[in-house]
Structures are given as C-alpha cells and as structure tokens.
Amino acid sequence: MVEVESEIAEYLNQVAAIEASRADVVLSQKIEAGLGEVKVNGEGRLIHVHLNLESVRTSNPDLLGTRVLRALEAARTEASNQYKHELAKVKQFVIR
C-alpha cells in the first residue's frame, strides 16, 4: 500500500511541476503576410501581439482580424500540443 501511495504522490508531483511551468513558456506564431506575430504562454493565454505597421498599411484591412485570430489559434494549438507531449512523458500510474 505504501508503494502505491508513493507512486501516486510521484505522479501528482510530476504533473504539478508541468502545470506550474506552463505560465513561463512563451510560444510565438507569425501572422500571415508578414503582418507581425502573436505570443501566448504555455496555457494558451495571449501575452503579446506585435504588428508590423508597414505591412498592415499595405495589406487588406478586411483580413487583418482573421489573420491575427488564425495566428492566435495556431499558437494556442501548439501550446496544447506541447502540454500533451509533456504529460505523455510522465510516468503513468498503474494500479496493480
């Protein structure tokens, strides 16, 4: 029983460490047409949008919002994939 409790505690500690580090991870995604980039943390929260004003001035203004949102979605997807990858590396608890 003590061995099982120890394995559970170790598993929970590993998962907690991954959770705690997510806010410190920064992922960047370029916005189409050279319009700039968005940055999210490992939780997928938007932390920064940089727009290349010269590119924005010469681009189609009707597409700006869509392009920024597409970049944000891609960055959030990458954050989610990295999180899943890190969790998959954690030793899985198996009831014996």
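Counting starts from 1 at the beginning of each chain's written sequence and moves along it residue by residue. Thresholds applied to this predicted model are a pLDDT of at least 70 for local features of residues and 80 or more for the giving and counting of side-chain atom pairs; totals over whole chains, interfaces and linings are not thresholded and use all residues. The side-chain numbers reported here are obtained from all heavy atoms of the structure, hydrogens and water having been left aside.

Draft legend 1. Representation of the pairing of strand E1 (residues 26-31). Note on pairing: DSSP must find at least two bridges between two strands before they are called paired. Per the convention used, a helix needs a DSSP run of H or I reaching at least four residues, while a strand needs a run of E reaching at least two, with both numbered from the N terminus. Here E1 runs beside strand E2 (residues 36-41); their pairing, made up of six bridges, is antiparallel. Pairing of Leu27 across the sheet is with Val40, part of E2. Counting the residues that bridge the hairpin from E1 to E2 gives four residues, and of these Ala33 lies at a positive phi of roughly 65°.

Draft legend 2. Structural context of a nonpolar patch on the surface. Only residues above 30% relative accessible area that lack a salt bridge enter a patch, with like-charged residues linked at up to 9 Å and the nonpolar side chains Val, Leu, Ile, Met, Phe, Trp and Tyr linked at up to 5 Å. In this description, accessible areas are obtained by the Shrake-Rupley approach with a 1.4 Å probe, and a residue is regarded as covered only by the protein chains that are shown. By convention in these notes, a salt bridge is any Lys or Arg side-chain nitrogen within 4 Å of a carboxyl oxygen on Asp or Glu. Together, Leu46, Val49, Leu51 and Leu53 line one region of the surface with nonpolar side chains, adding up to about 310 Å² of accessible area. Counting residues per element, the nonpolar patch draws most heavily on strand E3 (residues 46-51), which supplies three residues. Take Leu46: it is sitting in strand E3.

Draft legend 3. Just unusual backbone geometry, in detail. At Ala33, a residue that is not glycine, the phi angle is positive and equals roughly 65°. Mapping Ala33 onto the fold places it in the loop between E1 and E2.

Draft legend 4. Region of the structure containing helix H1 (residues 2-21). For H1, which comprises 20 residues, the first-to-last C-alpha distance of 29 Å matches the rise-based estimate of 28 Å (1.5 Å per residue) to within 8%. The rule is simple: take the accessible area with a 1.4 Å probe, protein chains only, and divide by the maximum for that residue type; under 20% is buried, over 50% is exposed, in between is partly exposed. For H1, every residue scored as buried is listed here: Glu7, Val15 and Ile18. Projected down its long axis, H1 shows its buried positions confined to an angular sector of 65°, all on one face. Turned more than 90 degrees from where H1 packs its buried face, Val2, Asn13 and Ala20 sit exposed. A helix's residues, less one, multiplied by 1.5 Å, set its expected span. By arc we mean the arc of the directions from the helix axis to the C-beta atoms, nothing more.

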